[in-house]
Amino acid sequence: MRSLDNCLVASGWADALSAEQLQRAHTTTIVRSFQPGNFVCHKGDPSNVWVGVIDGLVKATNLSETGKPVTFATFPANCWFGEGSLLKQEARKYDIIALRDSRVALMPAVTFFWLLDTSIAFNRFIMNQLNERLGQFMSAFEHDRLDDREARIAHAIANMLHPQLYPNREYRIEISNEELGHLVGASRPCVSQSLQILEKSGLIEVGYRTITVINIEGLRSFGRVARTNFGH
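Residues numbered from 1 in each chain as written. Predicted model: local features only at pLDDT ≥ 70, side-chain atom pairs only at ≥ 80, totals over all residues. Heavy atoms only, no water.

This paragraph deals with the pairing of strand S7 (residues 95-98). Two faces, one strand: in a regular strand the side chains alternate between the faces of the sheet. The side-chain alternation of S7 yields two buried faces, one formed by Asp95 and Ile97 and the other by Ile96 and Ala98. By the bridge criterion, two bridges tie strand S2 (residues 39-41) to S7 in an arrangement that is antiparallel. Within S7, the residue paired with phenylalanine 39 across the bridge is isoleucine 97. Across four bridges, strand S4 (residues 57-63) lies against S7 in antiparallel orientation. By the bridge assignment, lysine 59 is partnered in S7 with isoleucine 97. (Buried < 20%, exposed > 50% of the residue type's maximum accessible area, 1.4 Å probe, protein only. Helix = DSSP H or I, 4+ residues; strand = E, 2+ residues; numbered from the N terminus. Pairing = 2+ DSSP bridges.)

So, in structure tokens, the structure goes:
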């Protein structure tokens, strides 16, 4: 079982802290366990913690007025998120739900802001994190409007290997077809068909609740050529 120490070592920001800063981050952060379907945070809750995933998988999601689930992102081990709402000190805009047995680190807002006040390196990490997150969501918006289903799924898989947002993640992604479908707005059968196409293209290998990426650049560019040719 991974520990908070493991998560901090792999986080991409803790190694730049001083001994005092790292000690405070460690001692004030709470670790909690969640079973599949448990709420880590509710929409409308005060944004009073920064959230990190020690192990497992959680998602940021909302329900439409008709009850249709919309998933904005999934967060595997080593991910930290929620800094935007924390910085704006606003209520959370989405639910955070465990997709499988997960252990989550909750850093209090007072520690988060103390690190911002005392660590230039932590400031730079948060600035890069916000910038990369914005770029990822802008890219997802573009692909949702311009690409077919296979291309949307290809780009969603590639995004899960983003080195800043998903640090120290190997090219093996643990996610079910249903979970991926919620992320891209497609049914489980449609996701299965699209994954078969991507697998036949030599970009991925599909296993039980796993996707192994063979060609990440191919995933990132999937559908781009067709869209460019159409534009001309």
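With that settled, consider the environment of tryptophan 13. With respect to the helices and strands, the residue tryptophan 13 is situated in the loop between helix H1 (4-9) and helix H2 (19-28). Along the chain, tryptophan 13 and phenylalanine 122 lie 109 residues apart, while their C-alpha atoms are 6.2 Å from each other. Apart from residues lying up to four places away in sequence, tryptophan 13 is in contact with Leu8, Trp50, Trp80, Met107, Leu115, Phe122 and Phe125. (Contact = heavy atoms within 4.5 Å.)

Before going further, it helps to examine the nonpolar core. Ranked by internal contacts, the top residues of the largest apolar core, which has 22 residues, are Ile153, Ile157, Leu180, Leu195, Leu198 and Leu219. Taken together, the elements giving at least two residues each to this core come down to helix H6 (149-159), helix H7 (177-184), helix H8 (188-200), strand S11 (210-213) and helix H9 (216-221). Considering every element that reaches this core, the biggest residue donor is H6, with five residues. Not counting residues within four places of it along the chain, the set of residues in contact with isoleucine 153 comprises Leu180, Val184, Val191, Ser194, Leu195 and Leu198. In this structure, Ile54, Ala105, Trp114 and Ile126 belong to the second largest nonpolar core, which totals 21 residues. (Core = buried A, V, L, I, M, F, W, Y, C linked by side-chain atoms within 4.5 Å.)

Our focus in this paragraph is the confidence of the model for the protein. As a general rule, the predicted coordinates of low-pLDDT regions are not to be interpreted in detail. Put simply, the protein has an average pLDDT of 86, and 90% of its residues get 70 or more. Note that residues 225-232 has pLDDT below 50 and, in this model, four contacts with residues that lie over four places away or in other chains. (pLDDT = per-residue confidence, 0-100.)

In this section: the sheet that holds strand S9 (residues 172-174). The antiparallel open sheet is built from three strands, whose spatial order is S9-S11-S10. Edge positions in the open sheet fall to S9 and strand S10 (204-207), since each of these has one partner strand only. Each neighbouring strand pair of the sheet contributes to a mean axis angle of 20°, computed without reference to strand direction. As paired elements, S10 and S11 share four bridges and run antiparallel to each other. Each residue of the ladder has a partner; that of glutamate 205, found in S11, is threonine 212. Here H8 sits on the sheet in contact with S10 and S11, set at roughly 135° to S10. (Axes fitted to C-alpha atoms, helices over the stretch in contact; angles between N-to-C directions.)

This next bit is on the packing of aromatic side chains. Each aromatic ring pair is characterised by the separation of its centres together with the angle its planes make. Inspection of every chain in the model, using the stated rule, returns 11 aromatic pairs. Each ring, one from tryptophan 13 and one from tryptophan 80, has its centre 5.4 Å from the other, and the planes form 80°; the classification is edge-to-face. Residue tryptophan 13 is located in the loop between H1 and H2, and its partner tryptophan 80 is located in strand S6 (residues 80-81); the two are separated by 67 residues in the primary sequence. When its relative accessible area of 2% is taken as the criterion, tryptophan 13 is described as buried. Exposure remark for tryptophan 80: the relative accessible area of 2% places this residue in the buried category. Judged by centre distance (3.9 Å) and plane angle (5°), the ring pair of phenylalanine 75 and phenylalanine 81 falls under stacked. Accessibility assignment for this pair places phenylalanine 75 and phenylalanine 81 in one class, buried. Among the aromatic side chains, those forming a connected cluster through ring pairs are Trp13, Trp50, Trp80, Phe112, Phe113, Phe122 and Phe125. The ring of tryptophan 114 carries arginine 24 above its face, with NZ or CZ at 4.2 Å from the centroid. (Phe/Tyr/Trp six-rings, centres within 6.5 Å; stacked < 30°, edge-to-face > 60°. Lys NZ or Arg CZ within 6 Å of the ring centre and 35° of its normal.)

Bringing the packing of H7 against H8 into the picture now. Interhelical geometry of H7 versus H8 gives an angle of 100° and a closest axis separation of 8 Å. With respect to each other, H7 and H8 are oriented roughly perpendicular. For the pair formed by H7 and H8, the contact residues are Asn177, Glu178, Leu180 and Gly181 on the first element and Arg188, Val191, Ser192 and Leu195 on the second. Its residues assigned to classes, the contact of H7 with H8 shows three nonpolar, three polar and two charged. (Parallel < 35°, antiparallel > 145°, perpendicular 65-115°, else oblique. Nonpolar A, V, L, I, M, F, W, Y, C, P; charged D, E, K, R; others polar.)

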